[in-house]
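One letter stands for each residue in the lines below.
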Amino acid sequence: MRYSGVLLILILLLTGGNLSARTWVFFNELPRSGEFAGTDRAVARLLKAGVDPASTRNQSVDPAWIAELQEQGAVVYNVSRWLNAVSIADDPELSQRLAAMWPVREVRPVKTFHRQLLEPASTKRTPATEQSTIYGGSWTQLAQMGVPTLHDLGYTGEGVFIGMLDTGWQLYRDALAHAEVVAVWDFYNDDPIVEFEEGDHPSQDHHGTSTLGCIAAWAPTNLVGAAYDAAFALAKTEHVDHEINAEEDDFVAGLEWLDSLGVDIVSTSLGYSRFDPGQQNYTIDDLNGDICITTVACDLAAARGIFVVTSAGNTGNDNDIWHGLITSPADGDSVMAVGAVAADSLIALFSSRGPTADGRIKPDFVAMGAGTWIINTSTGQGQSSYTSGYGTSFAGPLLAGAAALLLQIDPGLLPMELATLMKAHASHGALPDTAYGWGLVDLPRVAWALLATEPTMGVNGISVFPNPFNNRLSFLIDLPNGLASPVQVDLYDLLGRLACSKASSGIQDDDRLLITLLPPAALADGIYFAVLTLIDSDRSIGQVKCIKLE
């Protein structure tokens, strides 16, 4: 059997081959020559994994470079196309000369692989899920849905594009300095100013600031948003001092603009039912999902692949003709309407209820909207302060942020597929009603359903996927005797150097634990070993080989 260079090196390392007198020579990342010399079956496997067989990492190291090393007197042992490197017989004088040659990038010794180097230090690390202090006052509203657990797994909304429709935003707030805002537009002033401008109501940019903070804030120990690494587009469509039908037109224009930008999620905390005198009001019978203009527009957006989230409304305490019912666009059949609960997970009295006029259950979900920790918009432009907010306006963006974490896990999910998964793993999923809908989403359970079904390759009760990996590596672990304990993962390279570590409580399902590791972006391609240890007892679970490959 013929082994590739990297695999042969691994075999020698693990069988005690005398590699103490060898040196690595790494080449610069320059165009290589040759084609992938794999079998048809190997090519098919690469294509299934989304890897181009003609990519650089599958091409041979340039034979001319190897020949040049040999002309300089190097004894070449193995060639690695993955690492773009060769191993040669150790010669300090030669190594110094080669290091100054083009196209050599680096020369360093090949060290013998010692098992003891893989044993992690006895220092115990605290899993991020226990570090509630980083979340400050926002811990409860996020923990109700399991958001910190997904943050601990490395899912923070990165790569997801969220559009918001609201009143305006104070983007100068330091809590929002981290937010990646890629596009803004004021649809009723027809300009690119979404903060306060002359002629605006004094509180015009307050409401949007607080709703955005629920998703995007990054102010450790004070306020952390549910998906703080997402990208945002902001459409200012709402008048604070008026309630007029024209706002619906701006809403639709804003929604179409967001669609044209390619957003994945739209979050709006606006609702329409009754307007100022002289305007046209909706009736309860209009809430059938087919009449209210914002409802129709939101359903169309969902049909175009956008996950649309809206607040259910704050009419729960109303005793007039509206009888505490939801407002549009919450009646849309493809719109995720969100009611409000308090810290004890009980429904807030002000939270609007269903059903729709045609008898469908609304809201779809609930999130914390009573006592939600938000940016205090009444202070000046200095350092942000924070306060408690009340309204489904804050429950909606929390749910939208939760959805962003799930889309980061599986970007291929369509809106209704995502909604179905969330409903299947929610607190009232077995018996939804017109106050809670399907209830509080259990994000770790949804994440488990998405991640634990990945193709895995396992050994000794540890499965790792994907393998080869790029920027993310997940472990599915059979815990000894079902023991519940945080697990530390230490990733070592072939030279026994610690590449990265993580301690996590992960997501546990009976006697299995799911942990995700995010290696450094600069981690070189090659072979690594992950060592897993139970933190509470320093008991080793085992180790597994992983391959880093772009």
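Residues numbered from 1 in each chain as written. Predicted model: local features only at pLDDT ≥ 70, side-chain atom pairs only at ≥ 80, totals over all residues. Heavy atoms only, no water.

Structural notes on the packing of aromatic side chains
Given two aromatic rings, one states the distance between the centres and the angle between the planes to describe the pair. All told, the structure shown has four aromatic pairs when counted by the stated rule. Residues Y135 and W139 carry aromatic rings whose centres are separated by 5.5 Å and whose planes lie at 55° to one another, so their mutual orientation is tilted. Residues W218 and Y228 carry aromatic rings whose centres are separated by 4.5 Å and whose planes lie at 35° to one another, so their mutual orientation is tilted. Placement of W218 in strand β7 (residues 218-219) and of Y228 in the loop between β8 (223-224) and β9 (231-236) is noted, with a sequence separation of 10 residues between them. Owing to a relative accessible area of 28%, W218 belongs among the partly exposed residues under this scheme. (Phe/Tyr/Trp six-rings, centres within 6.5 Å; stacked < 30°, edge-to-face > 60°. Helix = DSSP H or I, 4+ residues; strand = E, 2+ residues; numbered from the N terminus. Buried < 20%, exposed > 50% of the residue type's maximum accessible area, 1.4 Å probe, protein only.)

Quick look at helix α7 (residues 206-216)
Counting buried positions over the 11 residues of α7 gives nine, a clear majority of the element. Buried residues of α7: G208, T209, S210, T211, L212, G213, C214, I215 and A216, and no others.

Focus: the sheet that holds strand β11 (residues 307-311)
Here we have seven strands laid out as an open sheet, ordered β6-β9-β5-β10-β11-β12-β13, and parallel in their pairing. Strand pairing shows two members of the sheet lacking a second neighbour, β6 (180-186) and β13 (365-368), which therefore form its edges. The mean inter-strand angle of the sheet, taken between neighbouring strand axes irrespective of direction, is 25°. With four bridges joining them, strand β12 (residues 336-341) and β13 adopt parallel strand pairing. Within the sheet, the bridge partner assigned to V341 lies in β13 and is M368. (Pairing = 2+ DSSP bridges. Axes fitted to C-alpha atoms, helices over the stretch in contact; angles between N-to-C directions.)

Here's the deal with the packing of α7 against helix α10 (residues 392-409)
One way to put it is that α7 packs onto α10 with a least axis distance of 8 Å and a crossing angle of 35°. Relative to α10, α7 is oriented so that their crossing is right-handed. For the pair α7 and α10, contact is made by H207, S210, T211, C214 and I215 and by S393, F394, P397, L398, A400 and G401, respectively. Of the residues contributing to the contact of α7 with α10, the split by class is six nonpolar, five polar and no charged. (Left-handed = near helix turned anticlockwise from the far one by under 90°. Contact = heavy atoms within 4.5 Å. Nonpolar A, V, L, I, M, F, W, Y, C, P; charged D, E, K, R; others polar.)

Here we look at the sheet that holds strand β24 (residues 539-548)
Across the sheet, which stays open at both edges, the four strands sit in the order β20-β19-β23-β24 with antiparallel pairing between neighbours. With one partner strand each, in any of the chains shown, β20 (498-504) and β24 form the two edges of the open sheet. Across the sheet, the axes of successive neighbouring strands diverge by a mean angle of 20°, strand direction being ignored. In the sheet, strand β19 (residues 487-493) pairs with β20 via six bridges, with the strands oriented antiparallel. Residue pairing for β20: V487 is matched across the bridge by S504.

Concerning unusual backbone geometry
A cis amide bond links G354 with the next residue in sequence, P355, at an omega value of 5°. On the secondary structure map, P355 appears in the loop between β12 and β13. Note the cis peptide between N467 and P468, where omega equals 15°. With respect to the secondary-structure elements, P468 resides in the loop between β17 (462-465) and β18 (473-478). The backbone of D190 shows a phi angle near 55°, a positive value even though the residue is not glycine.

Brief notes about the pattern of salt bridges
A full pass over the atoms with the stated rule returns 10 salt bridges. Between D358 and R360 there is a salt bridge, with the nearest N and O atoms lying 3.0 Å from each other. Of the residues examined, R360 reaches a relative accessible area of 22% and is grouped as partly exposed. Notably, a salt bridge pairs K548 with D525, separated by 3.2 Å at the nearest N-O pair. A residue pair is termed long-range when its members are at least 10 positions apart, and K548 in strand β24 and D525 in the loop between β22 (512-517) and β23 (526-534) qualify at 23 residues. Both residues of the pair, K548 and D525, belong to the buried class. Here the residues in one salt-bridge network are D186, E197, D200 and K236, joined through shared partners. (Salt bridge = Lys/Arg side-chain N within 4 Å of Asp/Glu carboxyl O.)

A few points about the environment of S485
By the element assignment, S485 lies in the loop between β18 and β19. Of the residues examined, S485 reaches a relative accessible area of 5% and is grouped as buried. Each C-alpha atom, one on S485 and one on D536, is 6.3 Å from the other, the two residues being 51 residues apart in sequence. Beyond its immediate chain neighbours, meaning those up to four positions away, S485 contacts L513, L534, I535 and D536.

Things to note about the pairing of β24
Two elements, β23 and β24, share nine bridges in a ladder whose sense is antiparallel. Counted as the bridge partner of Y528 is C546 from β24. The turn linking β23 back onto β24 is made up of four residues, and D538 within it adopts a positive phi angle of 55°.

Considerations on the environment of L407
One can find L407 in helix α10. A residue is classified by how much of its surface remains accessible, and L407, at 8% relative accessible area, is buried. Spatially, the C-alpha atoms of L407 and F161 are 9.9 Å apart, while their sequence positions differ by 246 residues. With sequence-adjacent residues up to four places away left out, L407 is seen in contact with V160, D264, I265, L413 and L418.

A short note on the confidence of the model for the protein
Confidence in the prediction for the protein averages 81 pLDDT; 79% of positions are at 70 or higher. Of all secondary-structure elements in the protein, the lowest mean pLDDT belongs to helix α1 (residues 5-14), at 30, while β13 reaches the highest, 98. Considering only residues more than four positions removed or in separate chains, one finds that residues 1-20, a stretch of pLDDT under 50, has 32 contacts. Ignoring residues within four places in sequence, the model shows residues 110-131, a span with pLDDT below 50, making 56 contacts including any to other chains. (pLDDT = per-residue confidence, 0-100.)

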